[in-house]
Amino acid sequence: MIIKVPSGTEPRPSEITPEQVYLNRRQFIQVAAATALTPALASAGYEGVEEYPAPAWLRQQTQAAEQWPASTDDTVTPFEYASRYNNFYEFGTGKGDPYKLARNFVTDPWSVVIDGEVGRPGRLSLEDLLKPHRLEERIYRLRCVEAWSMVIPWVGFPLNSLLKRFEPNSDARYVEFTTLYRPESMPGQRSAFKAIEYPYVEGLRLDEAMNDLAFMGVGMYGNTLPPQNGAPLRLVVPWKYGFKSIKSIVRIRLRRTMPQTTWVKSAPHEYGFYANVNPSVDHPRWSQKQERRLPSPWFRSNLIPTLPFNGYAEQVAALYQGMDLRKFF
Ligand code: MTE
């Protein structure tokens, strides 16, 4: 359902679909997927989804995405929170800024350069980049280093299937991702008091990038990505703090050496390259033992324990065997 969204940065309690409705929807989809001959579609029934400008072909594909069977059963965060409580410093440092200031951000046409240590470098339009991939919906937990979390149904495809197409060579050990640099449409980039250096850069070790959980997002809640969530193409790495999940990507570069990433450059004693969710290593300003699962009203905080690797240890812990995760935080 498409709604007209009132102004304001935080959703009002009256706007939020009751939790039970989300729970029922999830149960409905699970039953439907188990009994139907064809898989349930991602677009089946999210409430309160606001539609943002996107090419028709992309909207069609995101709406037709199939459900990934291993999605979390955690209650999905209402769309109003996921789309209005954001970190996207290119559009301001306040949580409500990206919702307000990214409204007219143009993401079509869009192209992505893939280069560095690959056999087949190139620049691809978004359409060509997506062409061979079948889109799926994956519901992942998103844990921010600031100790809040959400549960988001992303639409996209595994990063490994994209990287393989460009044939990483034997020198490729890391993957570097870069966000668009366009100060004329990104107010944070042209501010006199920049919070961080631009363009925003993130990275993964190649084996992390090839793990099946690492995901390229082109949609959420059964539709295309709102600009404030990183349209038209973002990374989603569910076992790492949210700052690794870089938005609005224009370049993917395979490298021999570890990339210099934005947050590590800005405060190396606070943010590490690995940034795996880890309740036993606190950030200097936030305990990481617990998290506020949004929505979390101030009068009834929804605090839950944080899990190692954000609950994805079974799938990813082996990547870090023998590493001291206090040192490589
Ligand atoms: N990507 C860019 N380019 N710029 C940013 O400021 N913020 C990161 C990450 N990706 C950020 C970014 C942080 S800190 C988080 S927690 C997530 O985006 C938030 O994603 P969401 O707003 O979709 O929840």
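Here goes a summary of the coordinates provided. (Residues numbered from 1 in each chain as written. Predicted model: local features only at pLDDT ≥ 70, side-chain atom pairs only at ≥ 80, totals over all residues. Heavy atoms only, no water.)

The subject of this paragraph is the overall build of the protein. A tally of helices and strands in the protein yields ten helices and 13 strands. A buried classification covers 55% of the 329 residues belonging to the protein. In the protein, once contacts between residues fewer than 6 apart in sequence are set aside, the share between residues at least 24 apart is 73%. About 14700 Å² of surface is accessible on the protein, with carbon and sulfur atoms providing 54% of the total. (Helix = DSSP H or I, 4+ residues; strand = E, 2+ residues; numbered from the N terminus. Buried < 20%, exposed > 50% of the residue type's maximum accessible area, 1.4 Å probe, protein only. Contact = heavy atoms within 4.5 Å. Areas by Shrake-Rupley, 256 points an atom, 1.4 Å probe, with all protein chains shown as cover.)

With 87 residues, the main nonpolar core has Leu159, Trp239 and Ile252 as its most contacted residues. The greatest single-element share of this core, amounting to seven residues, is contributed by strand 5 (residues 148-158). With residues near it in sequence (within four places) discarded, Trp239 still touches Glu208, Asn211, Leu213, Ala214, Asn276, Val277, Phe309, Asn310, Tyr312, Val316, Leu319 and Tyr320. (Core = buried A, V, L, I, M, F, W, Y, C linked by side-chain atoms within 4.5 Å.)

This part is about the site of the ligand. For the ligand, the set of nearby residues contains 16 residues, the closest of which are Asn86, Tyr89, Glu90, Arg234 and Lys247. Asn86 is positioned with one of its side-chain polar atoms (N or O) 2.9 Å from an oxygen atom of the ligand. Between the ligand and Tyr89, the relevant distance is 2.8 Å, taken from an oxygen atom to a main-chain nitrogen or oxygen of the residue. Isolated, the ligand exposes 530 Å² of accessible area, and the fraction of that covered by the protein chains is 98%. (Near = heavy atom within 4 Å. Polar contact = N/O pair within 3.5 Å; in protein donor to acceptor, adjacent residues only side chain to side chain.)

What follows deals with the pairing of strand 4 (residues 136-143). In terms of burial, strand 4 is largely enclosed, as eight of its eight residues are buried. Where strand 1 (residues 66-67) meets strand 4, two bridges bridge the pair, whose relative direction is parallel. Counted as the bridge partner of Glu66 is Glu136 from strand 4. Two elements, strand 4 and strand 5, share eight bridges in a ladder whose sense is antiparallel. Considered in strand 5, the bridge of Arg141 is made with Val151. Connecting strand 4 to the next strand, strand 5, in antiparallel fashion are four residues, including Ala147 with a positive phi near 70 degrees. (Pairing = 2+ DSSP bridges.)

Once that is clear, we can look at the pattern of salt bridges. Under the counting rule described, the total for this entry stands at 22 salt bridges. Between Arg285 and Glu270 there is a salt bridge whose closest N-O contact spans 2.5 Å. Pair noted here: Arg285 is in the loop between helix 9 (262-266) and strand 12 (290-293) and Glu270 is in the loop between helix 9 and strand 12, with a separation of 15 residues, a long-range link. A relative accessible area of 52% places Arg285 in the exposed class. We classify Glu270 as buried; its relative accessible area is 15%. (Salt bridge = Lys/Arg side-chain N within 4 Å of Asp/Glu carboxyl O.)

To continue, consider the pairing of strand 5. Taken across its eleven residues, strand 5 has eleven buried, putting it largely inside the fold. Where strand 5 and strand 8 (residues 215-220) come together, five bridges link them in antiparallel fashion. Each residue of the ladder has a partner; that of Val155, found in strand 8, is Gly219.

With respect to the helices and strands, Glu176 occurs in strand 6 (residues 174-179). Side-chain polar atoms of Glu176 contact the side chain of Arg255, separated by 2.9 Å. Ignoring sequence-local partners within four residues, the contact set of Glu176 consists of Val201, Glu202, Gly203, Arg251, Ile252, Arg253, Arg255 and Pro259.

It is worth spelling out unusual backbone geometry at this point. Of note, the bond from Tyr198 into Pro199 is cis; its omega dihedral lies within 30 degrees of zero at 0 degrees. Residues Leu294 and Pro295 are joined by a peptide bond in cis, for which omega reads 0 degrees. Backbone geometry at Ser248 places phi at a positive 45 degrees, although glycine is not the residue there. Within the fold, Ser248 resides in the loop between strand 10 (234-236) and strand 11 (249-255).

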